[in-house]
Each structure stands twice: as C-alpha cells, then as structure tokens.
2 protein chains.
Amino acid sequence: MSTIYVAGIGPGSYEQMTIEAAEALKSCDVIIGYTVYVDLVKEHFPGKEFLTTPMKKEVQRCRMAFEEAEKGKSVAMICSGDAGVYGMAGLMYEVGQDYPQVQVKVLPGVTAATAGAAVLGAPLIHDFCLISLSDLLTPWEKIEARLLHAAEADFAICLYNPSSKKRKDYLNRACGLLLRYQSEDTVCAVVRNIGREGEQNQIMTLKELQNTQVDMFTTVFIGNSQTKKLGDYMVTPRGYKDV
Amino acid sequence: MSTIYVAGIGPGSYEQMTIEAAEALKSCDVIIGYTVYVDLVKEHFPGKEFLTTPMKKEVQRCRMAFEEAEKGKSVAMICSGDAGVYGMAGLMYEVGQDYPQVQVKVLPGVTAATAGAAVLGAPLIHDFCLISLSDLLTPWEKIEARLLHAAEADFAICLYNPSSKKRKDYLNRACGLLLRYQSEDTVCAVVRNIGREGEQNQIMTLKELQNTQVDMFTTVFIGNSQTKKLGDYMVTPRGYKDV
C-alpha cells in the first residue's frame, strides 16, 4: 500500500517546517500543491517533480495526488501552515474514499495562529478560538454566531481569511460584533506575511482594528479581557487568578 | 543585547520539532526546561548544559533563564508543543520586564491540538476552540461558560489538561455541559502520548467520551455537528455548504 504524505510546510520560511516534513519532501518523487506554496519551497527540494493546481481546484489537486500514487510514485501534498487547519487534510481523506489502496498520512506543521503569535509575543497562551471569515463554504450567520459566542466567553480569537477582494468589509463587520461583548480597548494585532519576506505586525485596540484594512496575507489577533501590551509585545496571561 | 529563544519542541519526537528550533538548540550554551521535556530532547543535543525546574516552579525557571543570559550565555528555554499555547512564552515576557537588557524571541512549534489532529485525520480542519480544563489558574465557572459557548456555536473543540489526580471527574463534567447543545453521537476522540512512545488513539461518541477516564498525557477532540468517522479517521469537512 502506498502512502501520500500531507505535509504542512509552516507559515512560509523553510526553517519553520518540521524536520519530519522536510524529510518527507526530500524522500518523495512528486510534490503537489497550490502554486504559491510550491514556489515557497521549490528551491529547497531540487530534482523533484512539482505539480500545481490553482486555487479553488482543491478536489482536482487531491485526485492528482492519488493518481500519481497509483502510478507507483511517492507523493507529498503540501499546504501552508498546518495541513489540518483550514488545509487539505480533510479533503484528502474524503477524496481518498475512492482510492482505498492509497494511505493518507498527515504531517503536522506550524499554523499561522501560533507562528503569528510568536511574532507578537504570547497572545494565545490561554484558551482561544480560530475563526475563518471566509463565507465561501460557511454561511455568514454561522460565522456571526461564532464571533458572538467567542467574544461573550472571553476567548482570545485568531481570525483567518480576514479579507478578500469580495469581502473588504468583513473584518469591520466582525469587529462590530465583537464590540457587543468586548471593550473598545481590547488589545488586538495584525500580522502580515508571517515567516515570509516583508513580515510586518502592528498592535492596536479593537476600536482601531475595526477601521483597519487588511489583505488575504494577514492574520488577525484579538485578545481576551486580560491581554495586555508589554512594550512592543502582545501578551495574554495564563489564567485569571493572581499568581 | 542578548536573546533568549523560547522554543516549542513539538509534541515529543525530535522529528516534529521545526528546523529553526533545532538550530536554536544546537547553537545555544544552555537549555532550560521542565524535567520531562529536557529528557525528551537531551540525546539530540550533546554537550549542552541542561537546567531544569520541576512543575509549578515556572517563575523560578524564567528567572533562571534570564540570569544565565545575563552571565553572557546563550540560552534556550524549551516547552512541549508550542511555547505560545499554554506554554512559557507569556510568563517569559512578564518576568522579562525585570530584565530589560535581555530580549525574548519565541520560536513556534507544533502544538498538541494539531499534532493530535494529524494522528486522527482532520478533526480541526475548520473553526475550532482550545480549552484547558485545568482550574489551577482559571475559575471553573469561566471554563464552564467557554464550554457552553463553544458547543452552542458548533465549534470543534480540543481539550488540554483534561484530567489530573485532583480532577478525575472534570472530563465527565465537561461532556455533560457539551451535551446540552451537542448530540450524543458527536464524533469525538482521545489521543495519548502524541508523537511519543506508546502513542494511542481512540475514536468514540460524545456519550462514550463522557464515561471515559483519561490521564494528563491525553488530548481530547470533540467534533462539530458535521464531523464524521471515515474508516479509522475523524474528519471535519471544510464548511457547511455542499461542494
């Protein structure tokens, strides 16, 4: 039985990949992924066959991986961050139902939430939620309910896909919902191009975040009621009792 | 200005560490951590000075790191998983206020949520929450509110610290709360010793989870309403619309 490795390559730089993922990519014949991620790792894996499909062709990309594996090639499917967090791992198992003779193994990676948190200090040190603002596959009402519950329960929150060309006002709308339960002064931050060239970050209040324009390369962090700014860092304490 | 690296070593095996974290440990003079984690990595970093403190001596461990750095040594503080997720990153910035001449830099790692998810398939592929059941630093009422809000908003949930000697019934209580909003048949799983010797996992229903005894080396996964069992794997779809 052949195995396809579904490997998270981390936020972008080769160094933030796990040793295990790098070894898997070194040992395989074919590396398959979304064009942008393949370009990020290409130079580190010379001599490999690289196959890409554009965005929104995810099912096709999965089938491509299984078909290469069926030809007897060893295959790695790559995702940015962690393959199991808004990545391809789930779809690979779903499509894999049609290819019972091929095994799928996920190799975890560093996702944007924790890579971005490391840039900022320690915003996600205690209970937190990940919420994607993309309503491509999720009704906006569901996203809205999650934002409200997360804010009411005082979770720190990390937002993925905070914006796109068609959704320029989604972050603004999300902040409006959070402000029903969270203070205007809640410590927030944006990190752009995590682990890649041009990495930038900015710490601000929730009120300021509401009027900030971000792009699809940005991850957004919203503190809980205890989160503070310590010098240039955003830090959430480990708990709510005095230590 | 000297820098202390606060490095997440991943769930346990050397191979699940990032290349960046391994390089930092190779290049430093002193590696500091909780005894168990130092023992996990020791053999891979020969010739280093290792300093440890037991559990509940976290502030002391941080001060030890800053004091070594002040002596001119290069220091790495290690945490299991990701240093920014229930790890030492936050406390290092807080204690670091007393050592302004030492810089703290967090190197992210693979946390138990995503490492355990990779073992199980893809349970956390969409929006999810991390909740610790430890009430050592957080009042139980706050944990309870978070569980209820997470269940009502249909998040997938990953539970850290689901049990300890003093808290044997906490997972049972947590499941009781989740069952107010989630079906008894919700797909759940436990993973023990992620990435370490004796790794085990078991997929079950929420009803079964309620009566399952786990220990402190276990991470618990609760699916959302869409999560399914596909063969031996636990998979959450990417969204709620038909694709």
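Residues numbered from 1 in each chain as written. Chains lettered and ligands numbered in written order. Predicted model: local features only at pLDDT ≥ 70, side-chain atom pairs only at ≥ 80, totals over all residues. Heavy atoms only, no water.

Novice: What exactly am I supposed to notice about the overall build of chain A here?
Specialist: What chain A contains, in helices and strands, is eight helices and 13 strands. Over its C-alpha atoms chain A spans a radius of gyration of 19 Å, differing by no more than 12% from the 18 Å that the globule rule assigns to 243 residues. Taking the principal axes of the C-alpha coordinates as reference, chain A spans close to 55 × 35 × 35 Å. Counting the 243 residues in chain A, one finds 60% classified as buried. If you sum the accessible surface of chain A, you get close to 9,500 Å²; carbon and sulfur atoms cover 47% of it. When the 25 basic and 29 acidic side-chain charges of chain A are each reduced to a single mean position, those positions are 3 Å apart. (Helix = DSSP H or I, 4+ residues; strand = E, 2+ residues; numbered from the N terminus. Rg over C-alpha atoms; globule rule 2.2 N^0.38 Å. Buried < 20%, exposed > 50% of the residue type's maximum accessible area, 1.4 Å probe, protein only. Areas by Shrake-Rupley, 256 points an atom, 1.4 Å probe, with all protein chains shown as cover. Lys, Arg positive; Asp, Glu negative; His and termini not counted. Charge placed at Lys NZ, Arg CZ, Asp CG, Glu CD.)

Novice: How should I be thinking about the pairing of strand S11 (residues 218-222) of chain A in this particular structure?
Specialist: Two faces belong to every sheet, and in a regular strand the side chains alternate between them. All names here are of chain A. Burial analysis of S11 places five of its five residues in the buried class, which makes it a mostly covered element. By the alternation rule, side chains of S11 split into Thr 218, Val 220 and Ile 222 and Thr 219 and Phe 221, which are all buried. Across three bridges, strand S8 (residues 156-160) lies against S11 in antiparallel orientation. Considered in S11, the bridge of Cys 158 is made with Phe 221. Examined bridge by bridge, strand S9 (residues 187-192) and S11 share five bridges and lie antiparallel to one another. For Ala 189, the partnering residue across the bridge sits in S11 and is Phe 221. (Pairing = 2+ DSSP bridges.)

Novice: Explain the side chain of Gln 16 of chain B to me, please; I cannot follow it from the model alone.
Specialist: With respect to the helices and strands, the residue Gln 16 of chain B is situated in the loop between strand S1 (2-8) and helix H1 (19-27). With relative accessibility at 9%, the residue Gln 16 of chain B sits in the buried group. A distance of 3.4 Å separates a polar atom in the side chain of Gln 16 of chain B from a polar atom in the side chain of Glu 20 of chain A. Setting aside chain neighbours within four positions, we find Gln 16 of chain B in contact with Thr 18, Glu 20 and Pro 108 of chain A together with Ile 9, Gly 10, Pro 11, Val 110 and Gly 195 of chain B. (Polar contact = N/O pair within 3.5 Å; in protein donor to acceptor, adjacent residues only side chain to side chain. Contact = heavy atoms within 4.5 Å.)

Novice: Explanation requested: the relation of the copies chain B and chain A in the structure shown.
Specialist: Each of the two chain copies goes to the other by way of a rotation about an axis and a shift along it. Mapping chain B onto chain A calls for a screw motion: a turn of 180 degrees about the axis and a shift of 0.0 Å along it, with 0.0 Å RMSD after fitting. Such values leave the two copies arranged in the relation of a two-fold axis. A shared binding surface is used by both copies, with 100% of the interface residues of chain B retained as interface residues in chain A. (Least-squares fit on C-alpha atoms with pLDDT ≥ 70 in both.)

Novice: Could you clarify how one ought to interpret the nonpolar core in this entry?
Specialist: Soluble globular proteins tend to bury their nonpolar side chains together. Membership of the largest hydrophobic core comes to 54 residues, with the highest contact counts inside it found for Leu 209 of chain A together with Leu 209 of chain B. The contacts of Leu 209 of chain A, once residues within four sequence positions are left out, are Leu 171, Cys 175, Cys 188, Val 190, Met 204, Val 220 and Ile 222 of chain A. By size, the runner-up hydrophobic cluster in this structure holds 40 residues, among which are Ile 194 of chain A together with Val 85, Ala 113 and Phe 221 of chain B. (Core = buried A, V, L, I, M, F, W, Y, C linked by side-chain atoms within 4.5 Å.)

Novice: What exactly am I supposed to notice about the packing of helix H6 (residues 140-152) of chain A against helix H7 (residues 170-178) of chain A here?
Specialist: Any two packed helices are characterised by how steeply their axes cross, that is the angle between the axes, and by the distance between the axes. All names here are of chain A. Packing of H6 against H7 leaves a shortest axis separation of 9 Å and a crossing angle of 40 degrees. Taken together, the axes of H6 and H7 lie oblique to each other. With respect to the hand of their crossing, H6 and H7 are arranged in right-handed fashion. Each of Trp 140, Glu 144, Leu 147, Leu 148 and Ala 151 in H6 lies in contact with H7, whose residues at this interface are Tyr 170, Arg 173, Ala 174, Leu 177 and Leu 178. Residues that form the contact of H6 with H7 fall into these classes: eight nonpolar, no polar and two charged. (Axes fitted to C-alpha atoms, helices over the stretch in contact; angles between N-to-C directions. Parallel < 35°, antiparallel > 145°, perpendicular 65-115°, else oblique. Left-handed = near helix turned anticlockwise from the far one by under 90°. Nonpolar A, V, L, I, M, F, W, Y, C, P; charged D, E, K, R; others polar.)

Novice: How should I be thinking about helix H7 (residues 170-178) of chain B in this particular structure?
Specialist: Along an α-helix, residues three or four positions apart point the same way, because every turn accommodates 3.6 residues. Residues and elements named next belong to chain B. Turning to H7, its buried residues number three or more, namely Tyr 170, Leu 171, Ala 174, Cys 175, Leu 177 and Leu 178. Projected down its long axis, H7 carries its buried residues within an arc of 155 degrees, all on one side. On its buried face, H7 is in contact with helix H6 (140-152), strand S8 (156-160), helix H8 (206-210) and strand S11 (218-222). (Arc of directions from axis to C-beta.)

Novice: Looking at this structure, I do not really get the side chain of Gln 182 of chain A. What am I missing?
Specialist: All names here are of chain A. Within the fold, Gln 182 resides in the loop between H7 and S9. At 3.1 Å, the side chain of Gln 182 forms a polar contact with the backbone oxygen of Gly 223. Not counting chain neighbours up to four residues away, the residues in contact with Gln 182 comprise Ala 151, Phe 155, Ile 157, Leu 206, Ile 222, Gly 223 and Asn 224.

Novice: What should I look at first to understand the packing of aromatic side chains in this one?
Specialist: What describes a pair of aromatic rings is the distance from one ring centre to the other and the angle between the planes of the rings. All names here are of chain A. This model, assessed by the stated rule, comprises twelve aromatic pairs over all chains. The interplanar angle of 75 degrees and the centroid separation of 5.2 Å between the aromatic rings of Tyr 34 and Tyr 37 together place this pair among those described as edge-to-face. Consider the rings of Trp 140 and Tyr 170, whose centres lie 4.9 Å apart with planes at 55 degrees: the pair is tilted. Placement of Trp 140 in helix H6 and of Tyr 170 in helix H7 is noted, with a sequence separation of 30 residues between them. (Phe/Tyr/Trp six-rings, centres within 6.5 Å; stacked < 30°, edge-to-face > 60°.)

Novice: Teacher, can you tell me more about the pattern of salt bridges here?
Specialist: Scanning the model with the defined rule gives 19 salt bridges over all chains in all. Measuring nitrogen to oxygen at the nearest pair gives 2.8 Å for the salt bridge that ties Arg 146 of chain A to Asp 127 of chain B. Of this pair, Arg 146 of chain A sits in helix H6 while Asp 127 of chain B sits in the loop between strand S6 (121-122) and strand S7 (128-132), which puts the two residues in different chains. Assessed through its relative accessible area of 1%, Asp 127 of chain B is described here as buried. One salt bridge connects Lys 73 of chain B with Glu 68 of chain B, and the closest N-O pair in it is separated by 3.2 Å. By relative accessible area, Glu 68 of chain B is classed as buried at 7%. (Salt bridge = Lys/Arg side-chain N within 4 Å of Asp/Glu carboxyl O.)

Novice: Mind showing me how you'd approach the sheet that holds strand S4 (residues 75-79) of chain A here?
Specialist: Pairing between sheet strands relies on hydrogen bonds along the backbone, with the strands arranged either parallel or antiparallel. Residue and element names in this part refer to chain A. Taken in spatial order, the five strands make up an open sheet running S3-S2-S4-S1-S5, and their pairing is parallel. This sheet does not close on itself; its edge strands, each paired only once, are strand S3 (49-53) and strand S5 (102-107). Each neighbouring strand pair of the sheet contributes to a mean axis angle of 25 degrees, computed without reference to strand direction. In the sheet, strand S1 (residues 2-8) pairs with S5 via six bridges, with the strands oriented parallel. Following the sheet pairing, Ser 2 is matched in S5 by Val 102. Packing against the sheet, helix H4 (residues 89-96) makes contact with S1, S4 and S5, and its axis sits at approximately 170 degrees to S5.

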